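Observations on the three-dimensional arrangement
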Amino acid sequence: MLRIVLVSLCSLAILVNSIWALLALWYQLPWSLAARLATCALWLLGTIGVLFMLWSGTYLWAILAYLAMFVLIMLWWGRLEPTHERDWADDLARITTGVIDGDRVALSDVRNFHWRTLTDYDVRWESREYDLSRLRSVDLITSQWGLPGVAHILVSFGFDDGRFITFTVEIRRTRDQSFSAIGGFFKQFELNVLASDERDAVRLRTNVRGEEGRIYSIQMSERAMRRLFIAYVEEANRLAREPRHYHTITANCTIIVYNMMAEIIKGLPMDVRLFLSSHLPSYIKEHGGLVDRPLEELQQLGRFTERAREADQAEDFSWRIRQGVPGWDVPGDR
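In short, a report on the structure. (Residues numbered from 1 in each chain as written. Predicted model: local features only at pLDDT ≥ 70, side-chain atom pairs only at ≥ 80, totals over all residues. Heavy atoms only, no water.)

Structural notes on helix α8 (residues 295-302)
Residues Leu295, Leu298 and Gly302 constitute the buried set of α8. Relative to the axis of α8, the buried residues are bounded by an arc of 60° and lie together on one face. Along α8, the residues that are exposed and aim more than 90 degrees away from the buried face are Glu296 and Gln300. Lining the buried residues of α8 we find β10 (212-217), α7 (280-286) and α9 (305-311). (Buried < 20%, exposed > 50% of the residue type's maximum accessible area, 1.4 Å probe, protein only. Helix = DSSP H or I, 4+ residues; strand = E, 2+ residues; numbered from the N terminus. Arc of directions from axis to C-beta. Contact = heavy atoms within 4.5 Å.)

Now the structure itself:
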């Protein structure tokens, strides 16, 4: 009986590991469909052979055979390093970088595309300067496209001269790639940190991609706002120096922001809502970061999709999407 239990546990471990290996091979091998299918089939046959030996009683040979397979795939996996040298999609071709000099921040490669459709757009990369002594607001923007519990997170900074700049953590796609949550577990994408004009990053999601946008005014001291802005610039600079893989769970648009905030607000706890990004506003409210109104009201009043579509390319796009948003609905609040 004990032998059957041990063999069953060993078989389960081999099966789980083999499923991971098959997915890694499928998402990472740079070969044709036929070649990838053949390689995955060989791995599957090897796994079946190991399991046959295991249940036939040749335990040592079965374990040694699978250890050899495991070592080979881990050696290959360890050689998959992130890089900046790929044929990137136009909108992800650059990483924002910045130079901080006291209150002055000079940003390079700020994206300000004019989007007509997903394939028809004007490419514009700009240099911009900001005075952190004039920083007055931080807003959390969520963009949902139908997957339960999932949203893209953007953070927008507002200045007293009426300008807004939006930071977004993105997967860095090549021209022939599309987003895959599963591929994000298997080093399929690099990370990108971008600063964008709101009429680019926000309008792209609501007006072009047809996503659902909500905006929340974050309650932070001016000192904390400044530190968060600088944290974004430093994170982008690090990424520009050293490429990093995107990971669906551990290195995504929510966790990167959490890691920056945890450096500013000590003791900020981990929470399952950090991994279900559409629930992030609930987490922030619980920790005193949103206006003191019911969350349902903040969600309803923060929905700006229609306002964004009506504003479209208007110069006052940023102000119009904030109409009626708690924290922005009282004249002189900001």
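Okay, back to it.
Remarks on empty space enclosed by the protein
In this approach a probe as big as a water molecule rolls over the atoms, and the regions it shows empty are the leftover space. Evaluation of the coordinates by the stated rule reveals one cavity of 30 Å³ or more. Of the pockets and cavities examined, the largest cavity occupies roughly 50 Å³. Lining the largest cavity are Ile215, Tyr216, Ser217, Leu290, Val291, Leu298, Val325 and Pro326. Looking at which element gives the most residues to the lining of the largest cavity, the answer is β10, with three residues. Classifying every residue of the lining of the largest cavity gives seven nonpolar, one polar and no charged. (1 Å grid on protein atoms, 1.4 Å probe; cavity = no way out; pocket = protein on both sides within 12 Å on 5 of 7 lines; lining within 4 Å. Points joined across faces, edges and corners; volume = space filled by probe spheres on them. Nonpolar A, V, L, I, M, F, W, Y, C, P; charged D, E, K, R; others polar.)

So, the side chain of lysine 187
One can find lysine 187 in the loop between β8 (164-172) and β9 (190-196). Leaving out residues up to four positions away in the same chain, lysine 187 has contacts with Gln28, Trp77, Leu80 and His245.

As for the layout of surface pockets
Approximately 920 Å³ is the volume attributed to the largest pocket. Taken together, 38 residues make up the lining of the largest pocket; nearest its centre are Trp145, Ile171, Phe179, Arg205 and Arg209. Of the residues assigned to the lining of the largest pocket, the class counts are 22 nonpolar, seven polar and nine charged. If you go around the second largest pocket, you meet 23 residues; those closest to its centre are Ile218, Met261, Ile265, Leu268 and Ile284. Elements with a minimum of two residues in the lining of the second largest pocket: β6 (135-144), α5 (222-241), α6 (255-264) and α7.

Looking at the packing of aromatic side chains
Taken as a whole and judged by the stated rule, the model has 24 aromatic pairs. Look at tryptophan 115 and tyrosine 121: their rings are 4.9 Å apart centre to centre, the planes differ by 50°, and that puts the pair in the tilted class. Tyrosine 121 gets classed as partly exposed once you look at its relative accessible area, which sits at 22%. Consider the rings of phenylalanine 164 and tryptophan 328, whose centres lie 6.0 Å apart with planes at 55°: the pair is tilted. Here tryptophan 328 lies in the segment after α10 (317-320) and phenylalanine 164 lies in strand β8, a separation of 164 residues in the sequence. Side by side, phenylalanine 164 and tryptophan 328 carry an identical accessibility label, which is buried. (Phe/Tyr/Trp six-rings, centres within 6.5 Å; stacked < 30°, edge-to-face > 60°.)

Considerations on the pairing of β9
Two faces belong to every sheet, and in a regular strand the side chains alternate between them. Of all the seven residues making up β9, seven are buried; the element is thus mostly covered by neighbouring parts of the structure. Side chains of β9 alternate between two faces, with Glu190, Asn192, Leu194 and Ser196 and Leu191, Val193 and Ala195 buried alike. Sheet topology note: the β8/β9 ladder contains seven bridges and is antiparallel. Bridge pairing links phenylalanine 167 to alanine 195 in β9. (Pairing = 2+ DSSP bridges.)

Some thoughts on the packing of helix α2 (residues 33-56) against helix α3 (residues 59-78)
Look at α2 against α3: their axes get within 7 Å of each other, and the N-to-C directions meet at 155°. One way to sum up the angle between α2 and α3 is to call them roughly antiparallel. For the pair α2 and α3, the crossing hand works out as left-handed. Every residue of α3 that contacts α2 at Trp43, Gly46, Thr47, Val50, Met53 and Leu54 is listed here: Tyr59, Trp61, Ala62, Ala65, Tyr66, Met69, Phe70 and Ile73. (Axes fitted to C-alpha atoms, helices over the stretch in contact; angles between N-to-C directions. Parallel < 35°, antiparallel > 145°, perpendicular 65-115°, else oblique. Left-handed = near helix turned anticlockwise from the far one by under 90°.)

Thoughts on the nonpolar core
Within the largest apolar cluster, 53 residues are counted, with the highest numbers of intra-cluster contacts made by Leu107, Phe157, Ile165, Phe167, Leu228, Phe229 and Tyr232. Per element, the largest residue contribution to this core is ten residues, and it comes from α5. The residues contacting phenylalanine 167, other than those within four sequence positions of it, are Leu107, Leu154, Val155, Phe157, Val193, Leu194, Ala195, Phe229, Tyr232 and Val233. Val7, Ala21, Cys40 and Tyr66 belong to the second largest nonpolar core, which has 14 residues in total. (Core = buried A, V, L, I, M, F, W, Y, C linked by side-chain atoms within 4.5 Å.)

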